[in-house]
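# Descriptive structure summary
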Amino acid sequence: MRQKIVAGNWKCNTTLQEGIELAKAVDAIVAKEGAKDVVVVLGTPFTHITKVVETVDSKRIGVAAQNCAAEAKGAFTGEVSADMVKSTGASYVILGHSERREYYGETSEILNKKVALALANGLTPIFCCGEALNIREAGTHNEYVTKQLAETIFNLSSEDFKKIVIAYEPIWAIGTGVTASSEQAQDMHANIRAAITAKFGVEIAEGTSILYGGSCNAKNAKELFANKDVDGGLIGGASLKAEDFIHIINGF
Ligand code: 13P
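Residues numbered from 1 in each chain as written. Predicted model: local features only at pLDDT ≥ 70, side-chain atom pairs only at ≥ 80, totals over all residues. Heavy atoms only, no water.

### As for the packing of aromatic side chains
Worth spelling out the cut-off: Centres within 6.5 Å are what make two rings of Phe, Tyr or Trp a pair, Trp counting through its six-membered ring; a difference in plane orientation under 30 degrees is then read as stacked, over 60 as edge-to-face, and the rest as tilted. Counting from the N terminus, the helices are DSSP H or I runs at least four residues long and the strands are E runs at least two residues long. Only Lys NZ and Arg CZ are tested; either one counts as a charge over a ring when it is within 6 Å of the ring centre and within 35 degrees of the ring normal.
Here the structure, examined in full by the defined rule, presents six aromatic pairs. Where Phe 154 meets Phe 200, the ring centres are 5.8 Å apart and the plane angle is 85°; that geometry is what we call edge-to-face. Of this pair, Phe 154 sits in the loop between helix H7 (141-150) and helix H8 (158-161) while Phe 200 sits in helix H9 (residues 182-200), and the two are 46 residues apart along the sequence. By way of ring pairs, the aromatic residues Phe 154, Phe 161 and Phe 200 are connected into one cluster. We note Arg 100 situated over the ring of Tyr 104; from NZ or CZ to the ring centre the distance is 4.3 Å.

So this is what it looks like as structure tokens:
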């Protein structure tokens with residue numbers, strides 16, 4: 001069976017000290033209450049990864065970077081390579097987030113390089129896709145998201161594709177308080193799974209975890225996660241409060 005995953009994306013929030021406190025709080029509650037069969041991941045700023053890895057019990061909680069460089073190493077001031085991320089103890093990397101696509105010009109071509117480097121260094125990519133409001137309103141969201149995947153992770157071999165986690169994040173739902181309805185989320189997740197089936201076959205499609213992201217919170221997580229093709233969430237704002245994040249984990 002595919003894994004249920006709840007991953008926090010802290011984005012550009014928390015000082016190192018605040019991040020350690022947050023990680024401690026999440027770890028303590030997960031230790032006490034358990035996370036059932038849910039894989040819990042904390043996506044922290046680069047500067048926090050090593051400390052957060054030390055802070056949490058790796059049997060309970062994985063740590064993700066929010067990006068990695070498109071080059072393996074060299075004269076790229078300010079970049080952090082997949083190899084460096086791996087060496088911190090992180091096991092995941094969020095790639096293709098709409099904020100990076102939009103604000104930092106990350107194209108499919110760049111993302112293909114990042115995914116290849118992440119996989120080559122043993123990191124699990126949490127690969128994001130999702131449409132803007134105008135595309136949703138035009139009714140072409142299914143084709144749009146399928147194209148995003150066709151240009152990127154569908155170019156991988158079956159063996160590599162099996163290592164990918166997908167996160168569907170409609171841009172109009174990110175940080176807006178407007179979440180996709182349960183039906184909208186299920187429809188898109190089923191569309192993504194059908195596209196994976198067409199490309200890689202039913203076994204791989206059934207084994208791929210597809211997370212939902214976009215204003216997912218303690219109140220709506222349960223309803224979203226009840227859908228048969230929604231395998232968890234990628235959580236922004238609500239992952240910054242340990243109690244809310246735990247409620248979401250308990251949404252399964
Ligand atoms: P919010 O949960 O704050 O809407 O952010 C979602 C997101 O972008 C996670 O990657």
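The structure having been displayed, the exposition proceeds.
### Quick look at the environment of Gly 201
Secondary-structure assignment places Gly 201 in the loop between H9 and helix H10 (202-207). Sequence spacing of Gly 201 and Ser 158 is 43 residues, and the spatial spacing of their C-alpha atoms is 9.2 Å.

### Regarding the site of the ligand
Note the threshold: Residues are classed as near a molecule or strand on a simple rule: at least one heavy atom within 4 Å of it. Here a polar contact is recorded for every N or O atom pair within 3.5 Å, except that within protein the pair must consist of a potential hydrogen donor and a potential acceptor, and residues adjacent in sequence are included only if both atoms are side-chain atoms. A 1.4 Å probe and the Shrake-Rupley method give the accessible areas. Residues count as covered only by the protein chains that appear here. Cavity and pocket criteria rest on a 1 Å grid covering protein atoms alone: a 1.4 Å probe that fits but cannot get out defines a cavity, protein on both sides within 12 Å along at least 5 of 7 lines defines an open pocket, and an atom within 4 Å of a point defines a lining residue. Those molecules having more than half of their atoms within 2 Å of a cavity or pocket grid point set are described as sitting in that cavity or pocket. All amino acids are sorted into three groups, where Ala, Val, Leu, Ile, Met, Phe, Trp, Tyr, Cys and Pro are nonpolar, Asp, Glu, Lys and Arg are charged, and the leftover types, Gly among them, are polar.
As a structural note, the neighbourhood of the ligand is formed by Asn 9, Lys 11, His 97, Glu 169, Ala 173, Ile 174, Gly 175, Gly 214, Ser 215, Leu 234, Gly 236 and Gly 237. Lys 11 places a side-chain nitrogen or oxygen 2.8 Å from an oxygen atom of the ligand. Gly 236 is positioned with one of its backbone polar atoms (N or O) 2.9 Å from an oxygen atom of the ligand. A total of 310 Å² of accessible area belongs to the ligand in isolation, and the protein chains cover 94% of it. Comparing atom positions with the cavity grids shows the ligand to sit within the second largest pocket. Residue classes in the shell around the ligand are distributed as three nonpolar, seven polar and two charged.

### A word on the environment of Val 145
Definition in use: Any two residues having at least one pair of non-hydrogen atoms within 4.5 Å are treated as being in contact.
Along the chain, Val 145 turns up in helix H7. Val 145 sits 51 residues away from Ile 196 along the chain, and the two C-alpha atoms are 12 Å apart. Not counting chain neighbours up to four residues away, the residues in contact with Val 145 comprise Cys 129, Gly 130, Glu 131, Tyr 168, Met 188 and Ile 192.

### Re the pattern of salt bridges
What counts is decided by this rule: A side-chain nitrogen of Lys or Arg and a carboxyl oxygen of Asp or Glu constitute a salt bridge if their distance falls within 4 Å.
One pass over the full model with this rule turns up 20 salt bridges. A salt bridge links Arg 2 to Glu 206, with the nearest nitrogen and oxygen atoms 3.1 Å apart. Of this pair, Arg 2 sits in the segment before strand E1 (4-9) while Glu 206 sits in helix H10, and the two are 204 residues apart along the sequence. The salt bridge involving Asp 57 is made with Arg 60; its shortest N-O contact spans 3.4 Å.

### As for the side chain of Ser 239
Heads up, the rule is: Only protein chains enter the calculation, and the probe is 1.4 Å; a residue is then buried if its accessible area is under 20% of its type maximum, exposed if over 50%, and partly exposed in between.
Among the secondary structure elements, Ser 239 is positioned in the loop between strand E8 (232-235) and helix H12 (242-249). Given a relative accessible area of 1%, Ser 239 falls into the buried group. Within the structure, the side chain of Ser 239 is placed 3.1 Å from the backbone oxygen of Ile 235, a separation counted as a polar contact. Aside from chain neighbours lying at most four places away, what touches Ser 239 is Gly 8, Asn 9, Trp 10, Leu 22 and Phe 245.

### Some details on helix H5 (residues 108-120)
So the rule is basically this: The span you would expect from a helix comes to 1.5 Å times its residue count less one.
Between its terminal C-alpha atoms H5 stretches 18 Å, which fits the 18 Å expected from 13 residues at 1.5 Å a residue. Of the positions making up H5, those classed as buried are Ser 108, Leu 111, Lys 114, Val 115, Leu 117, Ala 118 and Leu 119. At the C-terminal side of H5, Gly 122 shows a positive phi close to 75°.

### Section: the pairing of strand E3 (residues 61-65)
Quick reminder of the rule: The pairing criterion is simple: DSSP has to find at least two bridges between the two strands. We call a crossover right-handed when, viewed with both strands directed away from the observer, the connection leading from the first strand over the helix to the second proceeds clockwise.
Counting buried residues along E3, five of its five residues qualify, which places the element largely inside the surrounding structure. Residue alternation in E3 divides its side chains into two sets, Ile 61, Val 63 and Ala 65 and Gly 62 and Ala 64, and both sets are buried. Judged from the four bridges that link them, strand E2 (residues 38-43) and E3 form a sheet pairing that is parallel. The partner of Gly 43 across the bridge, within E3, is Ala 64. Crossover E2 to E3 through helix H2 (residues 49-55) is right-handed. As judged from the two bridges shared by E3 and strand E4 (residues 92-95), these two strands associate in the parallel manner. Residue pairing for E4: Ala 64 is matched across the bridge by Tyr 92.

### A word on the nonpolar core
We apply this condition: Take the buried residues of types Ala, Val, Leu, Ile, Met, Phe, Trp, Tyr and Cys, join any two whose side-chain atoms come within 4.5 Å, and each joined set is a nonpolar core.
Counting 66 residues, the largest nonpolar core has Ile 153, Ile 192 and Ile 196 as the members making the most contacts within it. Broken down by element, the residue count for this core peaks at six residues, all from H9. With residues near it in sequence (within four places) discarded, Ile 153 still touches Asn 112, Val 115, Phe 127, Phe 161, Ile 164, Ile 166 and Phe 200.

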